[in-house]
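The primary structure of each chain is shown beneath.
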Amino acid sequence: MVTSSSSSSVPRLVVAAPSSGSGKTTVATGLMAALTARGLAVSPHKVGPDYIDPGYHTLATGRTGRNLDAYLCGPELVGPLFLHGARGCDIAVVEGVMGLYDGAAGEGELASTAQVAKLLRAPVVLVVDASSQSRSVAALVHGFASWDPEVRVGGVILNKVGSDRHEALLREALESAGVPVLGVLRRAAQVETPSRHLGLVPVAERGSRAVEAVAAMAAQVAAGCDLEALVALARGAGALSCAAWAAGEVLDSSPPPPLPVPLPGAAGRGVRVAVAGGAAFTFSYAEHSELLAAAGAEVVGFDPLRDEELPEGTTGLVIGGGFPEVYAAELSANEGLRESVAQLALSGAPVAAECAGLLYLCRELDGLPMCGVLDASARMSERLTLGYRDAVAVTDSALAVAGTRMRGHEFHRTVVEPGAGAAPAWGMRAPERRVEGFVERGVHASYLHTHWASEPGVARRFVERCRTS
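Along each chain, numbering runs from 1 in the same order as the chain's sequence is written. Totals for whole chains, interfaces and linings use every residue, but because this is a predicted model, local features are given only for residues with pLDDT of at least 70 and side-chain atom pairs only at 80 or more, for both listing and counting. The side-chain numbers reported here are obtained from all heavy atoms of the structure, hydrogens and water having been left aside.

- The protein has the name Hydrogenobyrinate a,c-diamide synthase in an unreviewed UniProt entry, where Streptomyces lancefieldiae is given as its organism.
- Its UniProt record, at the heading Sequence similarities (unreviewed entry), says of the protein: "Belongs to the CobB/CbiA family." UniProt positions are given in the numbering used here, feature names are shortened, and annotations may be inferred rather than shown by experiment.

The following block contains the structure:
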C-alpha cells in the first residue's frame, strides 16, 4: 500500500492531454477506480470548473470529487484545497482540463492544467490520441514535454491504438523522445460515455450504466497501463509548503459581513439550509455545504424531482446548477414543491440560485410552469454561453454586499428574459460589461457559478441572513 509521511507529501499525479477528446476522463477515472480496487484510498480531483467529471470520479473512488480552479479561487488556494481533499488518502489523481497548456482565454497559463501541476509540484501523465499517427507522436510528446521546463511530463499513455503493429511503431518512435510509455489502450466502445448539449451525461442520470462504464474504464486501464510505474511516478511529487484548507478556520479568519437588523424573534434561531440535488441539480461544489455547516447551518439535501415539499424547518435554500431543461416536465408537475419554494422565497428567506436554480425560479421554462418566484421566462437556445467571468456584486443581497468582487463561470444553452431584474445580481467586468441576474427580497439568482472558497464570507452572510430574516 502507498503511504505518505504527511498530507503535504501525498503521492499524486496529473492526467493531461494535448487537447480535449484525447481520453483524459477515461484514463483518469479508470486509474482512480483501478487503484481503489487495489485497496488504496484515492483522492479524486478535476482541474477547472467542470461539475460532471467529478461525479464519475466520486463513483470510481467512493470519495467526493473536488475541483481545483486557479481562476475561480486564485492560484494560492489550489494547494490548500488539494490537501483538504487528499486528507487521509494514499494517492491522488488529478484530471486536467482541455489541452495541457490551455487556460483562461487571454490570461496566459492561468487556470491551465500546466499551472495546477506546477502549483501541486506534481508529475504529468500525457494521454495521447494515437489513432491517426505513428512516428509523429514523438514530435508531439517532445514538444509538450519541453515547452515549459517547470512542467514535468513523467510518462505517456497512448490511447485508441489500433493494432499490435501500430503499438510497435508508436513505441519505437517514442524511444527518442525520452518520455516512457506507461500505458497503451486500444479502442473500446464500452468505456465511452454519452454526451449532450453541455458535455457528458452526469452520473446521477445514468444509474447502473454509469457504474458499468466506470468498471469498464478500470478494467481497461488495469490491463493496459503499468500501475506500479504510475504509482512510483506519483511518489516522486514534491512536498507542498502550504496547509490544508479548512472551512472553520477560513471562516474564523475572515471578517464578519455587515448584516441587516434582525426581525423580532428571529435572532439566534437555528438555521436549516436545504440544498437541491438529484438528477436535475447535480452541479455543486462540496466546499459550499462545508462552509455553510462551518458557519452554523444544518445542511439538508432534497430532490426537486421526488420531494413534494421542502425539508421541514427550512430557513434557507440553495439551488445549484444542473439540467432542469431536461427534466422541465417533471419539475413542473411537482406543484407541491414549486409552491413550497415560492412561499419560502416570498417570506424573505435567503435563496441562492445558480444557473439551473435561476431557471427553476422563473415563471416558466420552455413554456412549462416553474416556481414563479421571478417575473422572467426561460427557454432553450442554440447558442452556447461559456467562459470565465470577472464580476462585481451590484446589489446588497443574502450572499454579498454591493461592491464585492468575485470570479465565476458561465456554461449554459438557455436564455432568461429579461436577463436582469430591477436590482441585478452581478455586473460583469470581463470579458464584456453588462449586468445580470436578480436580487429580490432574500433571493439571489444568477447564471454565474461561483466557488465560495474564494470568498468564504458569502456562506457566513447567508447563514446569518437565515437567522435574521
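Now, onward.
A closer look at the packing of helix α1 (residues 24–37) against helix α8 (residues 208–224)
Logical step 1: For the pair α1 and α8, interaxial distance at closest approach is 7 Å and the crossing angle is 85°. Relative to α8, the element α1 is oriented roughly perpendicular. Residues T25, T26, V27, T29, G30, L31, A33 and A34 of α1 form the contact with α8, whose own contacting residues are V214, M217, A218, Q220, V221 and A222.
Logical step 2: In this classification, the charged set is Asp, Glu, Lys and Arg, the nonpolar set is Ala, Val, Leu, Ile, Met, Phe, Trp, Tyr, Cys and Pro, and all remaining amino acids, among them Gly, are polar. In the contact of α1 with α8, the residues fall into nine nonpolar, five polar and no charged. Only C-alpha atoms enter the line fits that serve as axes; for helices the fit covers just the stretch in contact. Angles between N-to-C directions range over 0 to 180 degrees. Here a strand is any run of E in DSSP of at least two residues, a helix any run of H or I of at least four, and the numbering for each starts at the N terminus. Orientation labels follow simple angle bins: below 35 degrees gives roughly parallel, above 145 gives roughly antiparallel, 65 to 115 gives roughly perpendicular, and whatever is left gives oblique. Only heavy atoms matter for contacts: two residues are in contact if any of them lie within 4.5 Å across the pair.

Quick look at the pattern of salt bridges
Logical step 1: Salt bridge, as used here: a side-chain nitrogen of Lys or Arg that lies within 4 Å of a carboxyl oxygen of Asp or Glu. What the rule picks out here adds up to 20 salt bridges.
Logical step 2: Between D53 and K46 there is a salt bridge, with the nearest N and O atoms lying 3.1 Å from each other.
Logical step 3: Only protein chains enter the calculation, and the probe is 1.4 Å; a residue is then buried if its accessible area is under 20% of its type maximum, exposed if over 50%, and partly exposed in between. Under the relative-accessibility criterion, D53 is labelled buried at 6%.
Logical step 4: Between D390 and R429 there is a salt bridge, and its shortest N-O distance comes to 3.8 Å. Of this pair, D390 sits in strand β16 (residues 377–393) while R429 is found in strand β18 (residues 426–430), placing the two residues 39 residues apart along the sequence.
Logical step 5: The buried category is assigned to D390, whose relative accessible area is 10%.
Logical step 6: The class of R429 is partly exposed, set by a relative accessible area of 36%.

A look at the pairing of strand β21 (residues 443–446)
Logical step 1: Along β21, one buried face is formed by V443 and A445 and the opposite face, lined by H444 and S446, is buried too.
Logical step 2: Paired strands, in this sense, are two strands between which DSSP finds at least two bridges. Bridge count for strand β13 (residues 351–354) against β21 is four bridges, and the pairing is parallel. Its bridge partner lying in β21, E354 is registered against S446.
Logical step 3: Of the pairings in the sheet, the one linking strand β20 (residues 438–440) to β21 comprises three bridges and is antiparallel in character. Across the sheet, residue F438 finds its bridge partner in β21, namely A445.

Quick notes on the sheet that holds β13
Strand pairs in the sheet, formed through backbone hydrogen bonds, run parallel or antiparallel to each other.
Logical step 1: On the basis of which strands lie adjacent, the open sheet formed by six strands has the order β11-β10-β12-β13-β21-β20 and mixed pairing. Every interior strand has two partners, whereas the edge strands, β11 (298–302) and β20, have only one. With strand direction ignored, the average angle separating the axes of adjacent strands in the sheet is 15°.
Logical step 2: Relative to strand β12 (residues 316–319), strand β10 (residues 272–276) runs parallel, the two being bridged by three bridges. Bridge pairing links V273 to G316 in β12.
Logical step 3: Running at roughly 120° to β12, helix α13 (residues 335–346) makes contact with β11, β12, β13 and β21 of the sheet.

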